[in-house]
Structure formats: structure tokens, C-alpha cells
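Residue-level structure breakdown
Here is what each chain is made of, one letter per residue.
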Amino acid sequence: MLSGPNPMANQEDRRSQTAATAVALTIAGSDCSAGAGAQADLKTFSALGVYGLSAITCVVAETPGKVAQIEPVNVDLVRAQIETLFAAFPIAAVKTGLLYSAEIVSAVARAIVDSARKIDRKIPLVIDPVMLATSGDALLRDDAVQLYEKELFPLATLITPNLDEAGKLLGEPIRDPDGMRVAGQRLTEKFRVPFLIKGGHLAGDHATDLLFLIDGRVAEFSAPFSRGVATHGTGCTYSAAITAGLARGLSLQDAVRPAKEYVTATIAQHFTWKTAGESVHALNHSV
Ligand code: PXL
């Protein structure tokens, strides 16, 4: 028989706390190794005090270093997940991650527009335009990029490309901090949406990101670079942390700084395991 305190004793208190808990939805791929994708987003939401929901767009068989297989979820099922969740939960912010194909990008855009119309309010939306895995494997089909630009970007509160993704959206590679500034200004003018360009892949001892607002202001967020950590999912975690802040009612500028601090801590306090002589690393979302 179980002994010790009755776990049900404080249920009333717990119920009253959860009534005020903000809800966020991630629309993303499933990473079975759980460092990236919907799993990273849900862990991040949880760690930051937000109740996380997920609509899965595709299933990826992978580890931090290698994508073995990827399959999309039927597009009607993607839409059904989003609509079912909006009908039942007071969703305060949405994030999109890996959307896999043009067809799914388009269905997600329509489901968000229809859901916002039904609940009669604009929903903060963070778009992480995931194109490649950290391992370099392609995750997004080429024809999906145009649909992103046409249907999803106009709905965004923030778009969070890394340097490769920003270069792809711009049509030319970004090589240095000056190139990053020009890219941010051009992308923000073109799409009339704030961009956070993540500079983590540039050489240097700091990972510096630039937030471009539509009025032309630029804010810089910098943190010491952690060397020798082979994790994936930092981009997912960062944009999920920003989404959690927006769900809790923070402004965009106020949401980015604590999100940068959170993702930096998940990297610095990462896990390492050794199996068959190889090391596998993972972000520590419980920081
Ligand atoms: O880190 C980008 C990413 C996003 N979403 C899913 C992923 C990955 C990387 O592997 O698997 C589902």
C-alpha cells in the first residue's frame, strides 16, 4: 500500500492556479530524440510556466546528428488538430516550426486565419522558418518557401530565421555581421513583419542575434558562445521561449531577452551521454 502525503489533498489549490495559466500552441514536426521540434517546444513552454499544446505536421526519425527518415502527416489531420485545439482552449500565442511541404504550409495558414476569425481576435504568431536540420539535412521541400512568403508571413508577429534561412529568403548568402544588418533591413521592409536573425553560426566568441522592428529600430541580443556542444533544437527552443513570453502578455521586445537567456542556459547546462563510445548531447530544458 502507498504511504505518505495524499497527492489529492491540495487539488483545490492546484485547480485555482491552473485557471490563470497561459496556453500556447506549437505547430511543428515530431523529433523522436526530443531535443528539437514539437517536443522541444512543449518542454520549453512547460519550463516557462505556459501550458503547451501541439499540432504535429510530420514525424522525423532522427538523433541530434542524423535525420534517418521523415514522413508528413495527412494535411486534413494537421488542420483537424489545429481546429480542435482552438475550439477547446484559450490559445494565447502560436508558434510554427517545421511544416514540411507547400500543402501543409498553406493548410496551416488557412487554419490559423479561420481560427482567429472564429474567436474574433488576432493571435500572436511566431514563425520559425525551419528549412534544414542542424545536421545539414533538408527538412522542408523547396516549393514550400514561396507559400511561406505568400500565405504565412503576412500573419506573423515575428519571423526567426537563422543565417542560412535568412540567406535563402533573401536570395543571397549572409557572411558577416554587416551582411546580417543589411539582410534584416531588407527582409523587414519586404515582408513588413519584425525579423529576429540569429547569428549563432557566425565565427566569434559570442552568439549575437538582431531584432529588426518595422519602424527601422534594431535591438541586439548577445551571449557567450558554448563551444563543443553538438545539440540540435536551439532554434526551436528559442522561438518557443519567445512564444511563451507573448502568451504571457509580454511585448515582442520584452519577450526576446528572457528567451535568449533561457536558450543560452539550456545549451550551457546540456546533457551528455556516452553510448557505444559515441557522445550524444541534448539541451537541458529544465533550467
Ligand atoms: O532544429 C530544427 C528542427 C525542427 N523541427 C524538427 C526537427 C528539427 C531538427 O532536426 O527535427 C521536427
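So, how was this worked out
- Residues numbered from 1 in each chain as written.
- Predicted model: local features only at pLDDT ≥ 70, side-chain atom pairs only at ≥ 80, totals over all residues.
- Heavy atoms only, no water.
- Helix = DSSP H or I, 4+ residues; strand = E, 2+ residues; numbered from the N terminus.
- Buried < 20%, exposed > 50% of the residue type's maximum accessible area, 1.4 Å probe, protein only.
- Polar contact = N/O pair within 3.5 Å; in protein donor to acceptor, adjacent residues only side chain to side chain.
- Expected span 1.5 Å × (residues − 1).
- Contact = heavy atoms within 4.5 Å.
- Near = heavy atom within 4 Å.
- Nonpolar A, V, L, I, M, F, W, Y, C, P; charged D, E, K, R; others polar.
- Axes fitted to C-alpha atoms, helices over the stretch in contact; angles between N-to-C directions.
- Parallel < 35°, antiparallel > 145°, perpendicular 65-115°, else oblique.
- Left-handed = near helix turned anticlockwise from the far one by under 90°.
- Core = buried A, V, L, I, M, F, W, Y, C linked by side-chain atoms within 4.5 Å.
- Salt bridge = Lys/Arg side-chain N within 4 Å of Asp/Glu carboxyl O.
- Pairing = 2+ DSSP bridges.
- Right-handed = clockwise from strand over helix to strand, strands pointing away.

With respect to the side chain of Thr266
You can see Thr266 is positioned in helix α9 (residues 252–268). A relative accessible area of 0% means that Thr266 is categorised as buried. Engagement of the side chain of Thr266 in a polar contact is seen with the backbone oxygen of Val263, the distance being 2.7 Å.

Overview of α9
If you check α9, its first and last C-alpha atoms are 25 Å apart, about what 17 residues at 1.5 Å a residue would give, namely 24 Å. Burial in α9 covers these residues: Leu252, Ala255, Val256, Ala259, Lys260, Tyr262, Val263 and Thr266. Those residues of α9 hidden inside the fold are in contact with α2 (37–47), β6 (158–159), β7 (195–198), β8 (206–212), β9 (218–224) and α8 (234–247).

Focus on the site of the ligand
Taken together, Gly29, Asp31, Ala36, Gly37, Val60, Glu62, Leu98, Val130, Ala133, Leu139, His232 and Cys236 form the complete shell of residues around the ligand. Every element with two or more residues in the shell around the ligand is listed here: β1 (23–31) and β2 (51–63). Broken down by class, the residue content of the shell around the ligand amounts to seven nonpolar, three polar and two charged.

Considerations on unusual backbone geometry
Phi angles above zero are rare outside glycine, and Ala34 is one such case at about 70°. With relative accessibility at 16%, the residue Ala34 sits in the buried group. Positive phi, close to 55°, is recorded for Arg192, a residue that is not glycine. Residue position: Arg192 is located in the loop between α7 (177–191) and β7. For Arg192, a relative accessible area of 51% gives the class exposed.

Description of the packing of α8 against α9
Where α8 contacts α9, the two axes come as close as 8 Å, and the packing angle between them is 140°. Relative to α9, α8 is oriented oblique. You can see that α8 and α9 cross each other, and the crossing is right-handed. Residues Thr234, Thr237, Tyr238, Ala241, Ile242, Gly245 and Leu246 of α8 lie in contact with α9, whose contacting residues are Leu252, Ala255, Val256, Ala259, Lys260, Tyr262, Val263, Thr266 and Ile267.

Quick look at the nonpolar core
Core analysis: the largest hydrophobic core is formed by 60 residues, its most contacted members being Leu25, Ile27, Ile82, Val94, Val108, Leu152 and Ile197. Not counting residues up to four positions away in its chain, the partners in contact with Ile27 are Ala55, Thr57, Ile82, Val94, Lys95, Thr96, Gly97, Leu99, Val108 and Ile112. Membership of the second largest hydrophobic core comes to 24 residues, among which are Leu196, Ala247, Leu252 and Ala255.

Some words on the pattern of salt bridges
Taken as a whole, this structure holds 10 salt bridges when the rule is applied. Residue Arg79 is joined to Asp114 by a salt bridge in which the shortest nitrogen-to-oxygen separation is 2.7 Å. Placement of the pair is Arg79 in helix α3 (residues 75–88) and Asp114 in helix α4 (residues 102–119), with a sequence separation of 35 residues. In this structure, Lys198 engages Asp128 in a salt bridge whose closest nitrogen and oxygen atoms are separated by 3.5 Å. Of the two residues, Lys198 sits in strand β7 while Asp128 sits in the loop between β5 (125–127) and α5 (144–152), which places them 70 residues apart along the sequence. Neither residue differs from the other here; Lys198 and Asp128 are each classed as buried. Beyond isolated ion pairs, a larger network of salt bridges with shared partners links Arg79, Glu83, Asp114 and Arg117.

Description of the pairing of strand β4 (residues 91–96)
Along β4, five of the six residues are buried, which leaves the element largely enclosed by surrounding structure. Sheet topology note: the β4/β5 ladder contains three bridges and is parallel. Considered in β5, the bridge of Lys95 is made with Val126. Handedness of the β-α-β unit built from β4, α4 and β5 comes out right-handed.

A word on the environment of Asp128
Accessibility expressed as a relative area gives 2% for Asp128, which makes it buried. When the C-alpha atoms of Asp128 and Ser239 are compared, they prove to be 6.6 Å apart, with 111 residues separating the residues in sequence. Every residue in contact with Asp128, bar those within four places of it in the chain, is listed here: Lys95, Thr96, Gly97, Tyr148, Thr160, Glu165, Lys198, Gly235, Cys236 and Ser239. A polar contact is formed between the side chain of Asp128 and the side chain of Thr160, at a distance of 3.2 Å.

Observations concerning the pairing of strand β10 (residues 271–275)
One ladder, built from five bridges, connects β10 with strand β11 (residues 278–282); its direction is antiparallel. Residue Trp273 lies in a different strand from β11, and its bridge partner there is Val280. Hairpin geometry of β10 and β11 is characterised by an intervening segment of two residues between the two adjacent antiparallel strands and by a positive phi of about 50° at Ala276.

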